[in-house]
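# Structure assessment
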Amino acid sequence: MSPAPHLRQVAVLGATGSIGASALDVIARHPQRMRASVLAAGCKVDALLRLCVEHRPDHAVIADPAGYAALRDGLREAGLTTVAHAGDAALEALAAGPACDTVVAAIVGAAGLGSTLAAARAGKRLLLANKESLVLAGELVIAAARSSGAEIVPIDSEHSAVFQCLRSCRAEGVRRIVLTASGGPFRGWDRARLAAVTPAQAVAHPKWSMGPKISVDSATLMNKGLEVIEAHHLFGLPADRIGVMVHPQSLVHALVEYVDGSTLAQLGLPDMRTALAVGLGWPERVDSGVAGLDLLAQGRLDFEAPDLDAFPCLRLAGEAMAAGGTAPAVLNAANEEAVSAFLQGRIGFLDIPALVEDALAALPAAPAGSLQALLAADADARRLTRQRIDAMPHAGTTPA
Ligand code: NAD
Ligand code: MG
């Protein structure tokens, strides 16, 4: 008889979000192999409680300390033995502690950096969806994983695709990688049309169902810019060996070109459960609930170059990456503040790249040797961007 397989203990951070839901869906398909042992969310106590009833984790964490009593009482009333925790320190301690061997880092934004770093330092298998932590502090996260032996498996679909394609030979054989982009809901639009875009239009992504922040990032193409920086850290390639190609069908997720002229691509339906199943099962392949790809039914695959005039965020991300140091942290923080203001109807769509460009110009790149330097750059960029937003003539008007 073969020994019982190791039961993977998974912490799902950002459990109430879109990636969290996909992760829990895959985990629940494999009760003999894995379970959700820790669930964490930002501030939605009711949604977290519902997930605890369904998945019966050992620990539940609400990042917002004001949610602690409601979480503790709700768990007790539901008759669960799940232990309640609150705050960032508890989140980081659980990500690093013995309650899990695998961490799904699916918190949105720079808020995910602390727990991503904690898991990387503690040597966990790290299923990394939180791309902002790599944009903000990629060198530190990768160095922490390297010294602890943490195994990072990317969850971003393009990076999961590269991860899978790279398994065919040694990294020295790679000439370049190409990330695909759907082009978002406004592909082909010019700046005049983009000026009037509303938050509802921007979050209605044509191919992927995602949280509001990444949906807006996809509409501005900032998402692809963040992903180029993410790929640079994950795969150790310079910017001139990372390409971007618009592919509206979102079936080819990335390509890896080798020095011998061979190109490998990874294809699949646009459903994040595939990437999560790769991370949870690796090196084995496990069922994700996603159907196979029927290319005859899909019809055609199109590819085009991105329009950097209409969508300057991709260019700005490239410039921040080239400047290095604190510049990517400034880019990311200004973008988070601008996207949040756009979603609240306080600024227009084209104000997002304008604010990011402003922040990069006002806060020139400085060396980023420490976490403190990066967090200070993040804070400076947020302060500056908020001030600019408050000073804008239409800020504070009714939501679009
Ligand atoms: P989402 O908005 O649907 O969910 C975000 C989650 O983070 C929620 O559970 C929320 O409670 C939690 N959260 C927010 N602020 C927090 C805080 N301060 N502390 C602790 N938890 C907090 O977002 P999403 O679409 O699931 O994206 C999550 C991450 O995955 C992002 O970094 C995104 O770029 C990345 N990603 C998402 C997709 C996708 O298909 N949704 C694809 C690739 C990468
Ligand atoms: Mg992606």
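Residues numbered from 1 in each chain as written. Chains lettered and ligands numbered in written order. Predicted model: local features only at pLDDT ≥ 70, side-chain atom pairs only at ≥ 80, totals over all residues. Heavy atoms only, no water.

### As for the site of ligand 1
- Surveying the vicinity of ligand 1 reveals 23 residues, the closest of which are Thr16, Ser18, Gly42, Glu132 and Gly211.
- One of the backbone nitrogen or oxygen atoms of Ile19 is found 2.9 Å away from an oxygen atom of ligand 1.
- A distance of 2.7 Å is found between an oxygen atom of ligand 1 and a side-chain nitrogen or oxygen belonging to Glu132.
- Every element with two or more residues in the shell around ligand 1 is listed here: helix 1 (18-28), helix 6 (131-148) and helix 10 (212-220).
- Looking at side-chain class alone, the shell around ligand 1 contains 13 nonpolar, seven polar and three charged residues.
- Looking at which domains feed residues into the shell around ligand 1, each of domain 1 (8-155) and domain 2 (171-245 + 306-391) gives three or more. (Near = heavy atom within 4 Å. Polar contact = N/O pair within 3.5 Å; in protein donor to acceptor, adjacent residues only side chain to side chain. Helix = DSSP H or I, 4+ residues; strand = E, 2+ residues; numbered from the N terminus. Nonpolar A, V, L, I, M, F, W, Y, C, P; charged D, E, K, R; others polar. Domains from an automatic or database assignment.)

### Section: the domain arrangement of the protein chain
- Taken domain by domain, the protein chain consists of domain 1 (8-155) and domain 2 (171-245 + 306-391).
- Computed from C-alpha coordinates alone, the two centres of domain 1 and domain 2 are separated by 25 Å.
- Tallying the contact residues gives 20 residues for domain 1 and 23 residues for domain 2.
- Taken over both partners, the interface formed by domain 1 and domain 2 buries close to 1,600 Å², and the fraction arising from carbon and sulfur atoms is 70%.
- Among the residues domain 1 hides against domain 2, the three largest losses belong to Lys131, Val135 and Leu136. Together they make up 39% of the total.
- Here domain 1 and domain 2 share two salt bridges between them.
- Among the salt bridges present, the one from Glu132 reaches Lys213, with a minimum N-O distance of 2.9 Å.
- Joining domain 1 to domain 2, the criterion identifies five residue pairs in polar contact (both at pLDDT 80 or more).
- When contributions to the side of domain 1 that touches domain 2 are tallied by element, the ones reaching two or more residues are helix 5 (113-121), helix 6 and strand 7 (151-154). (Contact = heavy atoms within 4.5 Å. Buried area = accessible area lost by both parts, 1.4 Å probe. Salt bridge = Lys/Arg side-chain N within 4 Å of Asp/Glu carboxyl O.)

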